[in-house]
Amino acid sequence: QVQLVESGGGLVQPGGSLRLSCEASGSIFTVYSMGWYRQAPGKQRELVARITRGGITNYADSVKGRFTISRDNAKNTVYLQMNSLKPEDTAVYYCFVALQSTAAAGPLQYWGQGTQVTVSS
């Protein structure tokens, strides 16, 4: 079994910052890409940022220059540093991790439980 535990969401004023964390634990052989999606009320889930095992990153245009994704491979943890937050960043943020649970298993994608980020004055 694999578990993803997210933390770091909350309420912040426009212009403020938050840091999200997501730790994968359980049966893990190799972790591949990690990242974050978000879903605002009435909208489709969208990719926010992704980082490969080698550290290559890509971001949604709407967050470039404001958000930074990073990972700690030793801790199987991915982070999302969010600066200059805007009301339109308000959403539930979900982390994902693509990994192999054993040497014989194929890679699967796992999801966190979601954490609410609200940007409001």
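Residues numbered from 1 in each chain as written. Predicted model: local features only at pLDDT ≥ 70, side-chain atom pairs only at ≥ 80, totals over all residues. Heavy atoms only, no water.

## Let's talk about the state of the cysteines
Argument step 1. Within this structure, the stated rule accounts for 1 disulfide.
Argument step 2. The disulfide bridge from Cys22 ends at Cys95, spanning 2.0 Å between sulfur atoms. Around the S-S axis, the bridge from Cys22 to Cys95 shows a dihedral of about 45° and counts as right-handed. With Cys22 in strand β3 (residues 18–26) and Cys95 in strand β9 (residues 91–100), the pair connects residues that are 73 residues apart, well separated along the chain. Across this residue pair, the class does not change: Cys22 and Cys95 are buried. (Disulfide = S-S within 2.5 Å. Helix = DSSP H or I, 4+ residues; strand = E, 2+ residues; numbered from the N terminus. Buried < 20%, exposed > 50% of the residue type's maximum accessible area, 1.4 Å probe, protein only.)

## Thoughts on the packing of aromatic side chains
Argument step 1. All chains considered together, the criterion is met by 3 aromatic pairs.
Argument step 2. Note on Tyr37 and Phe96: the rings are 5.4 Å apart at their centroids and 65° apart in plane angle, and the pair reads as edge-to-face. Here the residue Tyr37 occupies a position in strand β4 (residues 30–39), and Phe96 occupies one in strand β9, the gap between them amounting to 59 residues. With respect to class, Tyr37 is no different from Phe96; both count as buried.
Argument step 3. Look at Phe96 and Trp111: their rings are 5.8 Å apart centre to centre, the planes differ by 50°, and that puts the pair in the tilted class. With Phe96 in strand β9 and Trp111 in strand β10 (residues 108–111), this residue pair connects regions lying 15 residues apart in the sequence.
Argument step 4. Among the aromatic residues, those joined into a ring-pair cluster are Tyr37, Phe96 and Trp111.
Argument step 5. Directly above the aromatic system of Tyr79 lies the positively charged group of Arg19, at a separation of 4.1 Å from the ring centroid. (Phe/Tyr/Trp six-rings, centres within 6.5 Å; stacked < 30°, edge-to-face > 60°. Lys NZ or Arg CZ within 6 Å of the ring centre and 35° of its normal.)

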